[in-house]
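A look at the structure
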Amino acid sequence: MSDKSLEEEIKIKARENRKIARYMSSTQDLVEEQIRKAQAKGAFNHLEGEGTPLDLEENPYVPAELRMAFKILKDNNFAPYWIELGKDIDSDWNRIADEVHKFKRYCHIFWIEKPGAIARRRFNKKKEMFYYEKRLELEKIEKKIIDYNLHCPTFRLGRPGISVEDEMQTLIAGVEKEIHEAINAGRICE
């Protein structure tokens, strides 16, 4: 057989098998087709444990050396330190957001009522104290996030750090905007 005829024969076979080759090259399609065929044949009917809930007590991703410790903690309603710390951080964030929201409402009500000079001085002191307290709380959260990331078993579960200055600028901008809008609303009502 000549090289030319062998080459032509290969090209003919390749054209005939192109559809199959394209199908075989896609493993996802192959697996899905096999699953569909098995379902149609009833291969998944009446499997052992069908209808019973899965036992999710043991986490297969927990390292073997930590399983017993995690089980003891779970049985006694405890969680690892970093998980409890994460819940604490979330709670602190929610509390700060709630306090900021309440302070903005207070500012709005205060400035709509057109306060006098003495009330304004007291308000400014209260506002500065509020900013000071929120800065301290944000610094505590910043430290908790660092502690969380140090105790977290994998960096993928870590939390991004915060910039206290950026958070304070956002907080102050929101409060000052609320004050400005309330003052303008008070002027319009006149």
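Data block above holds the structure.
Residues numbered from 1 in each chain as written. Predicted model: local features only at pLDDT ≥ 70, side-chain atom pairs only at ≥ 80, totals over all residues. Heavy atoms only, no water.

**Description of the pattern of salt bridges**
Using the criterion set out here, one finds 15 salt bridges in the structure. Here the salt bridges share partners, and the residues they tie into one network are Asp88, Asp92, Arg95, Glu99, Lys134, Glu137 and Lys144. (Salt bridge = Lys/Arg side-chain N within 4 Å of Asp/Glu carboxyl O.)

**Let's talk about unusual backbone geometry**
Even without glycine at this site, His46 takes up a positive phi of about 60 degrees. Locating His46 in the fold gives a position in the loop between helix H2 (27-41) and helix H3 (64-75). Phi is positive for Lys114, close to 55 degrees, though the residue is something other than glycine. Looking at where Lys114 falls in the secondary structure, it is placed in the loop between helix H4 (81-112) and helix H5 (117-151). The partly exposed category is assigned to Lys114, whose relative accessible area is 45%. (Helix = DSSP H or I, 4+ residues; strand = E, 2+ residues; numbered from the N terminus. Buried < 20%, exposed > 50% of the residue type's maximum accessible area, 1.4 Å probe, protein only.)

**A closer look at the side chain of Lys134**
Inspection of the secondary structure puts Lys134 in helix H5. Lys134 sits in the buried class, given a relative accessible area of 2%. Within the structure, Lys134 has its side chain in polar contact with the side chain of Glu99 (distance 2.2 Å). Apart from residues lying up to four places away in sequence, Lys134 is in contact with Ile96, Glu99, Met168 and Leu171. (Polar contact = N/O pair within 3.5 Å; in protein donor to acceptor, adjacent residues only side chain to side chain. Contact = heavy atoms within 4.5 Å.)

**Observations concerning H3**
Along its 12 residues, H3 runs 17 Å from first to last C-alpha, staying within 8% of the 16 Å computed at 1.5 Å per residue. Within two residues after H3, Asn77 carries a phi angle of roughly 60 degrees, on the positive side. (Expected span 1.5 Å × (residues − 1).)

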